[in-house]
Amino acid sequence: MPAIVVIGAQWGDEGKGKIVDHLAERASMVVRYQGGNNAGHTVTIGSTVLRLHQVPSGITRPHVAAVLAHGMVINPPALVEELDRLAALGISTENLHISPNAHLVMPYHILLDEAEEELRGAHALGTTRRGIGPAYTDKVARRGLRMQDLIDPARFRARLEVALERVNLELTRIFGREPMTADEIVEKYAPAAERLAPYVEDTSLLIQKALQRGETVLLEGAQATMLDIDFGTYPYVTSSSPSAGGACQGSGISPRQVSAVLGVVKVYTSRVGMGPFPTELKDDIGDWIVERGHEYGTTTGRRRRCGWIDLVSLRYAARLNGFTGLALTRLDVLSGLSRIKLCVAYRLPDGTETTEYPLDTELLAQATPIYETMEGWEDEDLSKARRVEDLPPQAWAYCQRISEWMGVPIDVISVGAERNDLVALRWPV
Ligand code: GDP
Ligand code: IMO
Ligand code: MG
């Protein structure tokens, strides 16, 4: 009963969608366990580029059940739009399953996300403004609405009216915004409720049955370890737990059932939004990586901040998640650089050096990276590489160095965006 967890090891956009799509070939189920449509996961099949936000990346494989588990916050109209977009591309969305316990992102959550960002001014977090923080806030404050409310029209209206009493105080008195009415929200959400109702069922039971049949279940993380509410660069984080523990909590399986935890690592670093980023490059090389790697966000189109690989934070991610294997992605993007730097330690403001990730966000913001330099390789197209021998020796040496530092073996190396552009070394379990 192998459950394989796939987690971003950096600040998101490592290529989780592509890796999940690859592994889904041998899985029967792919489960999203946290986050909502703040995620943007890209899967490229031939000339078709799928941008998935709430639907798990396994949807591309007809034999795979796609599960939206209770750890997610779901925006129903946005989900329906996503399903329609997939259907228009000829992708069946019938094998979809949504937990009745998943919380809803409501229109007022989006307003509150925007209003809070504006209020923060210079201290804005740079959220995706998809209402994710306020939706999880309501969940933890025990006043959220869930999928099981959505699909029962009378219950939905009744609970919404109660929720709006408080929400409207917040919108009008704190943020000076217009209040919202139950009617306008019901009008927007009722058609989505009708569309989604047939897919709502106990997903943790469904996952358990698949595991008991001995099938492979993939748990697809959104966001990433360094955006985790507990482990990331708080407060510049998302409001959920993308890390390994969150996978069990958000999907409803036992830690004893997880047989592998795959860390997805981009071979350099990127970050969208604000917050400390020790290896960020604000120079020509940073610009070069952004342009060569088309580093613009899948969800918001924002330019991603880019920099060298940070092995200090990656070791921290490996420890917290217990990675059993690595998926190294975007190796092709670095082709043509004569030298590649790897951050192996931080120098702190008092002059000391550390190879341990500092938990103090202010200290982290002042840490300067200490680099080791490796030789790069020619500007050649790596996307056709299928075996390690097809890679330039310097590129393979670079991958091995990352693996050594993290103390985790390499399972797969991705060398291009397309589904088949990869070197598979071993299966995760
Ligand atoms: P995710 O959020 O982790 O799923 O990653 P995104 O999809 O937001 O961003 C990763 C981007 O890199 C997407 O455009 C992918 O198509 C692309 N990608 C994934 N792996 C590779 C790779 O090995 N090389 C290149 N050039 N692009 C890749
Ligand atoms: P995937 O799954 C990259 C970032 C936002 C912001 C912070 C909080 O595609 O890797 P939120 O809207 O979640 O409250 O924003 O988190 N962020 C992401 N960055 N990839 C993502 O998802 C992200 N989801 C949220 O930019 O800094
Ligand atoms: Mg993304």
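A. Examining the overall build of the chain more closely. Counting its secondary structure elements, the chain contains 13 helices and 19 strands. Its C-alpha atoms give the chain a radius of gyration of 21 Å, near enough to 22 Å, the size a compact globule of 429 residues would have. Taking the principal axes of the C-alpha coordinates as reference, the chain spans close to 65 × 50 × 40 Å. Out of the 429 residues belonging to the chain, those deemed buried represent 59%. A sequence separation of at least 24 residues applies to 77% of the contacts in the chain between residues at least 6 apart. Of the roughly 17,300 Å² of accessible surface on the chain, a fraction of 50% belongs to carbon and sulfur atoms. Distance between charge centroids for the chain: 2 Å, based on 45 positive and 55 negative side chains.

B. Structural view of the domain arrangement of the chain. The assigned domain composition of the chain is domain 1 (3-90 + 202-424) and domain 2 (103-199). Carbon and sulfur atoms make up 62% of the area that domain 1 and domain 2 hide from each other, which totals about 2,000 Å². Contact with domain 2 buries surface across domain 1, with Val73, Ile74 and Pro76 losing the most and accounting together for 25% of the total. Between domain 1 and domain 2 we count one salt bridge in total. Of the charged contacts in the structure, one is a salt bridge between Arg195 and Asp84, with a shortest N-O distance of 3.1 Å. Where domain 1 touches domain 2, the interface holds nine residue pairs in polar contact (both at pLDDT 80 or more). Of all the elements in the fold, those that place two or more residues in the side of domain 1 that touches domain 2 are β6 (73-74) and α2 (76-88). Looking at the side of domain 1 that touches domain 2 element by element, the count peaks at six residues for α2. The residue makeup of the side of domain 1 that touches domain 2, split by class, is eleven nonpolar, 14 polar and two charged.

C. The arrangement of the coordination of the magnesium ion (ligand 3) in detail. Surrounding the magnesium ion (ligand 3) are the protein donor atoms Asp13 (OD) and Gly40 (O), which sit 2.0 to 2.1 Å from the metal. With Asp13 in the loop between β1 (3-8) and α1 (16-23) and Gly40 in the loop between β2 (29-32) and β3 (41-45), the pair connects residues that are 27 residues apart, well separated along the chain. Accessibility expressed as a relative area gives 12% for Gly40, which makes it buried.

D. Just the site of ligand 2, in detail. Taken together, 20 residues lie near ligand 2, and Lys16, His41, Thr128, Gln223 and Thr238 sit nearest. At 2.7 Å from an oxygen atom of ligand 2 is found a side-chain nitrogen or oxygen belonging to Lys16. Interatomic distance of 2.6 Å between a side-chain N/O atom of Thr128 and an oxygen atom of ligand 2. Notes on ligand 2: free accessible area 550 Å², of which the protein chains cover 97%. A breakdown of the residues in the shell around ligand 2 according to their chemical character gives seven nonpolar, ten polar and three charged. Each of domain 1 (3-90 + 202-424) and domain 2 (103-199) gives at least three residues to the shell around ligand 2.

E. Structural detail: the sheet that holds β2. Taken in spatial order, the nine strands make up an open sheet running β7-β5-β2-β9-β1-β10-β14-β18-β19, and their pairing is mixed. Both edges of this open sheet fall to β7 (96-98) and β19 (422-424), since each of them pairs with a single strand only. Across the sheet, the mean angle separating the axes of adjacent strands is 20° when strand polarity is ignored. Of the strand pairs in this sheet, strand β10 (residues 258-266) and strand β14 (residues 325-329) are connected by five bridges, and their pairing is parallel. Paired with Gly263 across the bridge in β14 is Leu326.

F. View of the nonpolar core. Among the nonpolar cores identified, the biggest contains 61 residues, and Met29, Phe323, Leu331, Tyr398, Ile402 and Met406 are the most heavily contacted of them. With six residues, the top contributor of residues to this core is helix α13 (residues 393-406). Once you skip the residues sitting within four places of it in the chain, Ile402 turns out to touch Val267, Ile309, Leu311, Leu328 and Leu342. Core analysis: the next-biggest nonpolar cluster, separate from the first, contains 42 residues, Leu50, Ile59, Leu96 and Leu196 among them.

G. The side chain of Thr93, seen in detail. Mapped onto the elements, Thr93 comes out in the loop between α2 and β7. The class for Thr93 is buried, based on a relative accessible area of 8%. Residues within four places of Thr93 in sequence aside, it is in contact with Ile59, Leu83, Leu86 and Tyr199.

H. View of the site of ligand 1. Near ligand 1 you find 19 residues, and of these Lys16, Gly40, Thr42, Asp332 and Ser414 are the closest. Here Arg330 contributes a side-chain N or O atom positioned 2.8 Å from an oxygen atom of ligand 1. Between ligand 1 and Ser414, the relevant distance is 2.6 Å, taken from an oxygen atom to a side-chain nitrogen or oxygen of the residue. Here ligand 1, which alone exposes 580 Å², has 91% of that area covered by the protein. Looking at side-chain class alone, the shell around ligand 1 contains three nonpolar, nine polar and seven charged residues.

I. How the structure looks around the packing of α2 against helix α7 (residues 182-196). Here α2 crosses α7 at 55°, and the two axes come no closer than 8 Å. As far as their axial angle goes, α7 and α2 are oblique. Every pair of crossing elements has a handedness; the one defined by α2 and α7 is left-handed. Along the contact surface, α2 presents Pro76, Pro77, Leu79, Val80, Leu83 and Asp84, while α7 presents Lys188, Tyr189, Ala192, Arg195 and Leu196. Counted by class, the contact of α2 with α7 contains eight nonpolar, no polar and three charged residues.

Scoring rules and cut-offs
Residues numbered from 1 in each chain as written. Chains lettered and ligands numbered in written order. Predicted model: local features only at pLDDT ≥ 70, side-chain atom pairs only at ≥ 80, totals over all residues. Heavy atoms only, no water. Helix = DSSP H or I, 4+ residues; strand = E, 2+ residues; numbered from the N terminus. Rg over C-alpha atoms; globule rule 2.2 N^0.38 Å. Buried < 20%, exposed > 50% of the residue type's maximum accessible area, 1.4 Å probe, protein only. Contact = heavy atoms within 4.5 Å. Areas by Shrake-Rupley, 256 points an atom, 1.4 Å probe, with all protein chains shown as cover. Lys, Arg positive; Asp, Glu negative; His and termini not counted. Charge placed at Lys NZ, Arg CZ, Asp CG, Glu CD. Domains from an automatic or database assignment. Buried area = accessible area lost by both parts, 1.4 Å probe. Salt bridge = Lys/Arg side-chain N within 4 Å of Asp/Glu carboxyl O. Polar contact = N/O pair within 3.5 Å; in protein donor to acceptor, adjacent residues only side chain to side chain. Nonpolar A, V, L, I, M, F, W, Y, C, P; charged D, E, K, R; others polar. Donors = N, O, S within 2.8 Å, 3.2 Å for Na, K, Ca; no water. Near = heavy atom within 4 Å. Pairing = 2+ DSSP bridges. Axes fitted to C-alpha atoms, helices over the stretch in contact; angles between N-to-C directions. Core = buried A, V, L, I, M, F, W, Y, C linked by side-chain atoms within 4.5 Å. Parallel < 35°, antiparallel > 145°, perpendicular 65-115°, else oblique. Left-handed = near helix turned anticlockwise from the far one by under 90°.

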